[in-house]
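Secondary and tertiary structure notes
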Amino acid sequence: PDLSSISFETDNDGMTDSALGESYLLATTGDTLTLRFQTREEIIDPTATDSEDQTRIPSVIFSYTDESGVEVTRSADVSADTGTTNESFIATYQLDSNDTGIESDVNYSISIHDRSGNQREYTDISSVEETVSVSNTLRIDTKAPDLSSISFETDNDGMTDSALGESYLLATTGDTLTLRFQTRE
């Protein structure tokens, strides 16, 4: 069996990452990663009750790299898309407290079987792209932003306080105080 279409979604209502481009979707703790895929023929659906058929249910594994550089895998819940003839499926995984401190693109693998028992393994995104076009990339970002620099300024052109030292700026009524900071992302 082959895939005929695939798309990624997230319920994150944040912005896209301007540095990465519009095709990158962001997800953070509490968000659900959703992979929708359609096959060119009917395959065994997730409600199969026969024990042999249950081993043929589509499986999706999401993977990403944690802050230590270790690949982490998460099994997705797969269900048939409502009202379809076992050709459209939805795989979901909700990011939870186990998915913290992550800044990584999401990879995935898909395993499907047709009704005859023929199996197709898509081991990663690049193997999926050999069959269908993948229009977007999902990126997990559960890492809090941090500052790379910070400075404090005043438009007071007076002297510094010698008792406090050169790093202390003085300000008075009517002066403008400016806090400048830069983030790492």
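Since we're looking at a predicted model, the values are computed, not measured.

**Quick notes on the pattern of salt bridges**
This model, assessed by the stated rule, comprises seven salt bridges. The salt bridge involving Asp105 is made with Arg139; its shortest N-O contact spans 2.8 Å. Separated by 34 residues along the polypeptide, Asp105 in strand β8 (residues 103-105) and Arg139 in strand β11 (residues 137-141) bring together distant segments of the chain. Of the residues examined, Arg139 reaches a relative accessible area of 18% and is grouped as buried. What emerges from the salt-bridge pattern is a single network uniting Glu9, Arg36 and Asp81.

**As for the nonpolar core**
Counting residues in each nonpolar core, the largest one holds 29 residues, and the members touching the most others are Ile6, Phe62 and Ile110. Going through the elements one at a time, β1 (3-10), β3 (32-39), β4 (59-65), β7 (88-94), β9 (107-113) and β11 are the ones with two or more residues in this core.

**Re the sheet that holds β8**
Strand order in this open sheet of three strands is β2-β11-β8, and the pairing throughout is mixed. Bordering the open sheet on either side are β2 (24-27) and β8, each of which pairs with just one other strand. Taking the axes of each pair of neighbouring strands and ignoring which way they run, one obtains an average angle of 25° across the sheet.

**Digging into the environment of Asn86**
If you trace the backbone, Asn86 turns up in the loop between β6 (77-80) and β7. Judged by its relative accessible area of 13%, Asn86 is buried. Along the sequence, Asn86 and Thr32 sit 54 residues apart, while their C-alpha atoms lie 23 Å from each other.

About the thresholds
Residues numbered from 1 in each chain as written. Predicted model: local features only at pLDDT ≥ 70, side-chain atom pairs only at ≥ 80, totals over all residues. Heavy atoms only, no water. Salt bridge = Lys/Arg side-chain N within 4 Å of Asp/Glu carboxyl O. Helix = DSSP H or I, 4+ residues; strand = E, 2+ residues; numbered from the N terminus. Buried < 20%, exposed > 50% of the residue type's maximum accessible area, 1.4 Å probe, protein only. Core = buried A, V, L, I, M, F, W, Y, C linked by side-chain atoms within 4.5 Å. Pairing = 2+ DSSP bridges. Axes fitted to C-alpha atoms, helices over the stretch in contact; angles between N-to-C directions.

That is the geometry; function is a separate question.
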